[in-house]
Every structure is written in C-alpha cells, then in structure tokens.
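# A structural walkthrough
Listed here are the chains, written in short residue letters.
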Amino acid sequence: MTKLVSFPSGGPGEHLDWFATSALFEEVAAFVLRHVTDERARSVLAADTASGYLFVGDLPEPDLTNVLTALRDAFPGHVDSEIYPPRVTAAMDDPEVFVARAKSPARTAARCLALRAAAPRDRPHPPSCSNSVNNGM
C-alpha cells in the first residue's frame, strides 16, 4: 500500500508530496516523530501515521522548522546507517536506486526550507490545507 508524506511549499494549499511503500513510510514517520517536541502535535501525527499519511506542514513552530532541518541534515545519514547500511546494500543489485529513493525526503525538506526562506517577510509561512494539528482536528 502506498502512503503519503506531505511537505509544505510556497503557498496556501500547495504541497510537495512524497509517496512510499509502508516500510519506507514507517521509517520516515518514525524519524519525524522523534523530532516533534509538542506532545499534542506528536499525538495527532502518530494517529495520522497509523492511517497512512503524514502532513509535516501541519506541525506548529518550532517543530516544523526542526523537523524539516533534521530531515535535510540528518536523514541521509539515518538512511546510510539504519535503512540501507553497507551490509544490506552489498547484497543488493543497483543499491544506489533504492538509497536515492530513501533519501528523497531530505531533498524535499531542503526544498521546503528554501521556499520558506524565499517567502516574503511580510506574510507568514502558509499553513497546509488540512491544518489538523494547528486547528485541533
């Protein structure tokens, strides 16, 4: 089953969506949840994860920035050490394809951070369209 991680992008209702199979989705979701400090947000995200989707853009600050930064900076290392360590990739055909796919949330998080940095300073960062964490839904 395909599952979804949705990242915020440049405007209201705009998202950068990343789809994965259950195993890879679970790795990304667990990584994200480890970087969320707001208990209420973590609870909502854990429930969303169980349903097969994760809206990163719904996180309150500073968790949103912290999660995007951790995905960009630390997730590639997590992929190399935990998801596809050398002992696993040594036995694979074309491991670079799988490793690149697993690291793609880091590239998406980097793009989100760049879009947020480029956003006009006179308007707040746009919320995602579901806002389940921020609106208490």
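Throughout what follows, the structure given in this document is the object of discussion. As the structure is a prediction and not an experimental result, all values here were calculated from the model. Once a new chain begins, its residue numbering starts again from 1 and follows that chain's sequence as written. At least 70 in pLDDT is required for a residue's local features to be given in this predicted model, at least 80 for side-chain atom pairs to be given and counted, and no such filter applies to totals for whole chains, interfaces and linings, which use all residues. With hydrogens and water stripped out, all remaining heavy atoms of the structure feed into the side-chain values.

### Considerations on the side chain of D63
Assignment of secondary structure puts D63 in helix α3 (residues 63-73). Partly exposed residues are those whose accessible area sits between 20% and 50% of the maximum for their type, while under 20% is buried and over 50% is exposed, using a 1.4 Å probe and protein chains only. Positive residues here are Lys and Arg, negative ones are Asp and Glu, while His and the chain termini are left out of the count. What makes a salt bridge here is a side-chain nitrogen of Lys or Arg within 4 Å of a carboxyl oxygen of Asp or Glu, nothing more. Salt bridges are absent for the buried D63, whose nearest opposite-charge side chain, R42, sits at 6.9 Å. Strands here mean DSSP runs of E at least two residues long; helices mean DSSP runs of H or I at least four residues long; both are numbered from the N terminus.

### Focus on the nonpolar core
As used here, the term nonpolar core means buried Ala, Val, Leu, Ile, Met, Phe, Trp, Tyr and Cys residues forming a set that is joined through side-chain atoms within 4.5 Å. Residues V5, F7, L54, V56, L59, L68 and L71 are the most contacted members of the largest nonpolar core, which totals 32 residues. Sorting the residues of this core by element identifies β1 (2-8), β2 (15-21), α1 (22-34), α2 (39-51), α3, α4 (75-83) and α6 (95-118) as the ones contributing at least two each. Of the residues forming this core, the biggest block, 7 residues, is contributed by α1.

### A word on the pairing of β2
In β2, alternate side chains face the same way, and those of L16, W18 and A20 are buried while those of H15, D17, F19 and T21 on the opposite face are not. Bridging between β1 and β2 involves 7 bridges; their strand directions are antiparallel. Bridge pairing in β2 places P8 opposite H15. Strand pairing is defined by DSSP finding a minimum of two bridges between the two strands.

### Quick word on the side chain of T49
Along the chain, T49 falls in helix α2. Under the relative-accessibility criterion, T49 is labelled buried at 7%. Contact definition: two residues touch when any of their heavy atoms are within 4.5 Å. Excluding its chain neighbours within four sequence positions, the residues that come into contact with T49 are F25, E26, A29, L33 and L54.

### Describing the packing of α1 against α4
In contact at an axis separation of 12 Å, α1 and α4 are set at 125 degrees when each is read in the N-to-C sense. When the axes of α1 and α4 are compared, the pair comes out oblique. Once α1 is placed against α4, the crossing between them reads as right-handed. Across the interface between the two elements, L24, E27, V28, F31 and R34 of α1 pack against F75, H78 and I83 of α4. A breakdown of the residues in the contact of α1 with α4 according to their chemical character gives 5 nonpolar, 1 polar and 2 charged. With axes taken as lines fitted to C-alpha atoms, and helix axes fitted only over the stretch in contact, angles between N-to-C directions fall between 0 and 180 degrees. Reported orientations rely on four angle classes, namely roughly parallel under 35 degrees, roughly antiparallel over 145, roughly perpendicular from 65 to 115, and oblique for the rest. Left-handed describes a crossing whose near helix is turned anticlockwise from the far helix through less than a right angle; right-handed describes the clockwise counterpart. Residues are sorted three ways: Asp, Glu, Lys and Arg are charged, Ala, Val, Leu, Ile, Met, Phe, Trp, Tyr, Cys and Pro are nonpolar, and all the rest, Gly among them, are polar.

### Quick notes on α6
Along an α-helix, residues three or four apart share an orientation, since each turn contains 3.6 residues. One fewer than the residue count of a helix, multiplied by 1.5 Å, yields its expected span. Here α6 contains 24 residues, and its C-alpha end-to-end distance of 35 Å stays within 8% of the 34 Å for a straight helix at 1.5 Å per residue. Fitting axes to the seven residues ending at a residue and to the seven starting there, one defines the bend at that residue as the angle between these axes. Of all bends in α6, the biggest is about 40 degrees, found at K103, and the proline P105 comes one to four residues later. Every buried residue belonging to α6 is among P95, V99, A102, K103, S104, P105, A106, T108, A109, C112, L113 and R116, and all of these are buried. Residues of α6 that are buried in the fold lie against β1, β2, α1, α3, α4 and α5 (86-89).

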